[in-house]
Amino acid sequence: MLLLGLTGSIATGKSTVSSLLSSPPHKLPIIDADVLARQVVEPGTPGYAAIIAHFAATTPDLLVEPSASMPVSGPSGRGRPLNRPALGKRVFGETEALRRDRAVLNGIVHPAVRRALLAAVLRCYARGHWAVVLDVPLLFEGGLDRFCGVTAVVAVRDPEVQLRRLMARDPHLSCEDAENRVRSQGDVREKAARCEARGEGYGVVLWNDGSREELAEQVHEAVARLKAGSPVWWSWTLLGCPPLALLVAAYRVWQNVRLNRQWHESKRASKL
């Protein structure tokens, strides 16, 4: 089974690509890290308790305000949900204190998401899918690209396009808030360069400065190439022979570690 790591940055069109991949004619299963990230911090989870313990004292609006539809005990009886916009303002920014708090939040959420991702991948493998999409905004930063057979980055060449799309999508954000969120996920053009450096068959860049139709055409062409390199019969072979599947997975991890090392060495060399 091919693991297709899909990443990008906020407001570059990654969700659109995910929707295209999950719809006919492709119908690929999508494992969305953002959805899992919300699930692992729902009231009653260990992640929720850890966030409350660290942030409640300094973030008065950390929880959704009580209302007629949101009693104090919350819909599950385990507490009110997190106020995600307030938590975002609490950790997004470039000061040292904000970076430390963002690291704490990531340290709570990321390990739980990784466990949920693994469980979801194993379910897709057991069902015999030829490919599964790992939709992860911080794919490179979290090191999850090491486990993917192919990495795809959805990017825009013009940073102003990204900022305008974000503010149109989330009108409650100020210009400063939008800029902080864009910066927090790194420069998407560098992610695209890193993806291209992986080489043909290992990295795909989908440029999304134009229309949805243009993006869809790029997606269709990319899937056709990937399917030619990872046909359905190969997925069934791996399903029928788990030891072979483990060997293939180990080889892909080794290969990706080598590619990542080459990328970091080239970055260091360019700064000399």
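A quick note: this is a predicted structure, and the numbers were derived from the prediction, not measured.

By domain assignment, the chain separates into domain 1 (1-29 + 129-271) and domain 2 (37-128). With 21 residues of domain 1 in contact, the opposing surface of domain 2 contributes 15 residues. In total, about 1600 Å² of surface goes out of reach between domain 1 and domain 2, with carbon and sulfur atoms giving 67% of it. The largest share of the area that domain 1 buries against domain 2 comes from His-129, Arg-181 and Leu-239, three residues that together contribute 31% of it. There are three residue pairs in polar contact (both at pLDDT 80 or more) connecting domain 1 and domain 2. If you list the elements that add at least two residues to the side of domain 1 that touches domain 2, you get strand 3 (131-135), helix 7 (175-184), helix 10 (232-240) and helix 11 (242-271). Here the side of domain 1 that touches domain 2 takes five residues from helix 7, the largest share from any one element. A class-by-class count of the residues in the side of domain 1 that touches domain 2 yields 13 nonpolar, five polar and three charged.

Turning our attention to the nonpolar core. If you look at the biggest cluster of nonpolar residues, it comprises 31 residues, and the most contacted ones within it are Ile-31, Ile-51, Leu-82, Val-109 and Val-113. Those elements that place two or more of their residues in this core are helix 2 (33-39), helix 3 (46-55), helix 4 (84-91), helix 5 (96-126) and strand 3. Looking at this core, the element that brings in the most residues is helix 5, giving nine residues. Among the domains, domain 1 (1-29 + 129-271) and domain 2 (37-128) are the pair contributing at least three residues each to this core. Judged by nonpolar contacts, the second largest core, of 21 residues, contains Leu-4, Val-154, Leu-215 and Ala-222.

Another aspect to go through is the UniProt feature "transmembrane region" (unreviewed entry) in the chain. Look at the UniProt record and you will see "transmembrane region" (unreviewed entry) annotated at residues 233-254. Secondary structure across residues 233-254 comprises 95% helix and 0% strand; the distance between its end C-alpha atoms is 24 Å.

Looking now at the pattern of salt bridges. Per the counting criterion, the structure on display carries eight salt bridges. Put simply, Arg-90 and Asp-101 hold a salt bridge, and the shortest N to O gap is 2.5 Å. Highlighted residues: Arg-90 in helix 4 and Asp-101 in helix 5, separated in sequence by eleven residues. This pair shows no difference in class: Arg-90 is buried, exactly as Asp-101 is. For Arg-198, the salt bridge is made with Asp-145, and the minimal N-O distance between the two is 3.4 Å. Placement of Arg-198 in the loop between helix 8 (188-197) and strand 5 (203-207) and of Asp-145 in the loop between strand 3 and strand 4 (150-155) is noted, with a sequence separation of 53 residues between them.

Scoring rules and cut-offs
Residues numbered from 1 in each chain as written. Predicted model: local features only at pLDDT ≥ 70, side-chain atom pairs only at ≥ 80, totals over all residues. Heavy atoms only, no water. Domains from an automatic or database assignment. Contact = heavy atoms within 4.5 Å. Buried area = accessible area lost by both parts, 1.4 Å probe. Polar contact = N/O pair within 3.5 Å; in protein donor to acceptor, adjacent residues only side chain to side chain. Helix = DSSP H or I, 4+ residues; strand = E, 2+ residues; numbered from the N terminus. Nonpolar A, V, L, I, M, F, W, Y, C, P; charged D, E, K, R; others polar. Core = buried A, V, L, I, M, F, W, Y, C linked by side-chain atoms within 4.5 Å. Buried < 20%, exposed > 50% of the residue type's maximum accessible area, 1.4 Å probe, protein only. UniProt positions renumbered as here; feature names shortened; annotations may be inferred. Salt bridge = Lys/Arg side-chain N within 4 Å of Asp/Glu carboxyl O.

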